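Descriptive structure summary
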Amino acid sequence: MVRAKTVDLLVPAEAELVIEGEIDTGMLEPEGPFGESHGHVALEEFNMPMRVTAITRKASPVIPSYISQVAPSESSVIKRVAYEPLFLGHLRDALGVKAVTGVALHEKLTGLLRVTIVTLERGAPRTEVWRALYGAASFKGDCSKICIAVNDDIDPDNADALLWAMAYRHNPVEDVVTLPHRGQGHGPKREHAGEEDSTLLIDATMKSPMPPLALPGRDYMEGAKALWDRLGLPKLKPESPWHGYSLGDWSEGWEQAARRAADGHYLENGRRTLQRQRPGLVPETSVRDVEGDG
């Protein structure tokens, strides 16, 4: 560190460029409009200007800068690399919520600051899910207006997958909490000064085992992709989820029937189904209610 030329401050000796100056805290001038990471233009506001008193630099300085506008932009990409590990460390290490496996800050349009997705292991206790949601919501004042908890089969960067989880894995009456008294934070200004915001917490994790994803298994899909590539067809861009997988609610009997069908023995499946006919049942009666889980 070395002393600046015109102000009583220390500056990095190896800085590419040092701009020195003074700020008159009683004098303001219009600033902007500028594009912002929240996706709106920040309109003109009066802010404090700086009167430049000196500029020192290297002979050929490199001046880094970045664009901040509708996300994803340079500013959101840079911040995401730092913010997400901070959230994960806070939840896992500071709060001790060990079931948390990842934290993603939604980037497109919302610019990291409004929607936070917390990924937890399947079967995490309900108390841990809510500790994680409350912890994420309160960690950084300008982030996490909307916090969503999901399981590890949901890609947090896929908005379609998030909506799928919210559509089928949460009951709004039981799995949604709203918290009052949140500051506006970074975002387009409201018409009324001092207006408060609020926080929305959503538990979109599985509450019990669910049926498998209705797509062919990974081995079938990878085989299909290999065939696709061999034929020279246009390049595929798989989006998660791109293959079927178990979510816990699947019996060995159903697995065997699926294997028989895939091997071409569907007539054997039909013969076995015929032997299980029963009179006097209401349509759509669960087989488990009649035959058990076997």
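Note that the coordinates shown come from a computational prediction; the quantities given were computed from them, not determined experimentally.

Concerning the pairing of strand β13 (residues 197-203)
Of all 7 residues that make up β13, 5 are buried, and the element is covered over most of its length. Looking at chain direction, strand β11 (residues 146-151) and β13 are connected through 4 bridges and run parallel. Directly across from A149, in β13, lies its bridge partner D203. In this sheet, β13 lies alongside strand β12 (residues 176-182) in antiparallel orientation, the contact comprising 5 bridges. In the strand pairing of β13, L179 is matched with T199.

Here's the deal with helix α2 (residues 126-139)
The end-to-end C-alpha distance of α2 is 20 Å, a good match for the 20 Å that 14 residues give at a rise of 1.5 Å each. The set of residues buried in α2 consists of E128, V129, W130, A132, L133, G135, A136 and A137.

Considerations on the sheet that holds β11
Here 5 strands make up an open sheet; going across it, the order is β9-β10-β11-β13-β12 and the pairing mixed. The open sheet has two edge strands with one neighbour each: β9 (100-105) and β12. Each adjacent strand pair in this sheet contributes to an overall mean axis angle of 20 degrees, direction not counted. Summarising the sheet, strand β10 (residues 115-120) and β11 pair through 6 bridges and their orientation is parallel. Note that in β11 the partner of V115 across the bridge is I146.

Here we look at the nonpolar core
Core analysis: the biggest nonpolar cluster contains 23 residues, and V100, V118, L120 and L133 have the highest contact counts within it. Counting residues per element, the ones that place at least two in this core are α1 (74-94), β9, β10, α2 and β11. Here this core gets 6 residues from one element, more than from any other, and that element is α2. Among residues more than four places away in sequence, those in contact with V100 are L88, L91, R92, V118, T119, L120 and A132. Listed in part, the 11 residues of the second largest apolar core include I154, M166, I202 and A204.

What about the pairing of β11?
Within β11, 5 of the 6 residues are buried, leaving the element largely enclosed by the surrounding structure. Viewed along the sheet, the connection from β10 through α2 into β11 turns out right-handed.

Considerations on the packing of α1 against α2
Axes are the key here: two packed helices are described by the angle between their axes and the distance separating the axes. Where α1 meets α2, the axes come as close as 10 Å, and the angle between the chain directions of the two elements is 130 degrees. In terms of their interaxial angle, α1 and α2 are classed as oblique. The two elements α1 and α2 meet at a crossing, and its hand is right-handed. From α1, L86, F87, H90 and L91 reach across to α2, where they touch A132, G135, A136 and F139. The residue inventory of the contact of α1 with α2, partitioned by class, reads 6 nonpolar, 2 polar and no charged.

Topic: a nonpolar patch on the surface
Among the surface-exposed residues, I19, I23, L28, F46, M48, M50, V52 and I55 lie close enough to one another that they form a single nonpolar patch of about 790 Å² accessible area. Secondary structure elements with two or more residues in the nonpolar patch: β3 (17-23) and β8 (50-57). In terms of residues, the nonpolar patch owes the most to one element, β8, which gives 3 residues. On the accessibility criterion, V52 (45% relative accessible area) is partly exposed.

Overview of the environment of I148
Structurally, I148 is set in strand β11. With relative accessibility at 5%, the residue I148 sits in the buried group. Between the C-alpha atom of I148 and that of A136, which follows or precedes it by 12 residues, the distance is 9.6 Å. When near neighbours in sequence (up to four residues on either side) are disregarded, I148 contacts V115, T116, I117, V118, L133, M166, I202 and A204.

Rules and cut-offs
Residues numbered from 1 in each chain as written. Predicted model: local features only at pLDDT ≥ 70, side-chain atom pairs only at ≥ 80, totals over all residues. Heavy atoms only, no water. Buried < 20%, exposed > 50% of the residue type's maximum accessible area, 1.4 Å probe, protein only. Helix = DSSP H or I, 4+ residues; strand = E, 2+ residues; numbered from the N terminus. Pairing = 2+ DSSP bridges. Expected span 1.5 Å × (residues − 1). Axes fitted to C-alpha atoms, helices over the stretch in contact; angles between N-to-C directions. Core = buried A, V, L, I, M, F, W, Y, C linked by side-chain atoms within 4.5 Å. Contact = heavy atoms within 4.5 Å. Right-handed = clockwise from strand over helix to strand, strands pointing away. Parallel < 35°, antiparallel > 145°, perpendicular 65-115°, else oblique. Left-handed = near helix turned anticlockwise from the far one by under 90°. Nonpolar A, V, L, I, M, F, W, Y, C, P; charged D, E, K, R; others polar. Patch = residues over 30% accessible without salt bridge, like charges linked within 9 Å, V, L, I, M, F, W, Y side chains within 5 Å. Areas by Shrake-Rupley, 256 points an atom, 1.4 Å probe, with all protein chains shown as cover. Salt bridge = Lys/Arg side-chain N within 4 Å of Asp/Glu carboxyl O.

So yeah, pure geometry; function would need other evidence.
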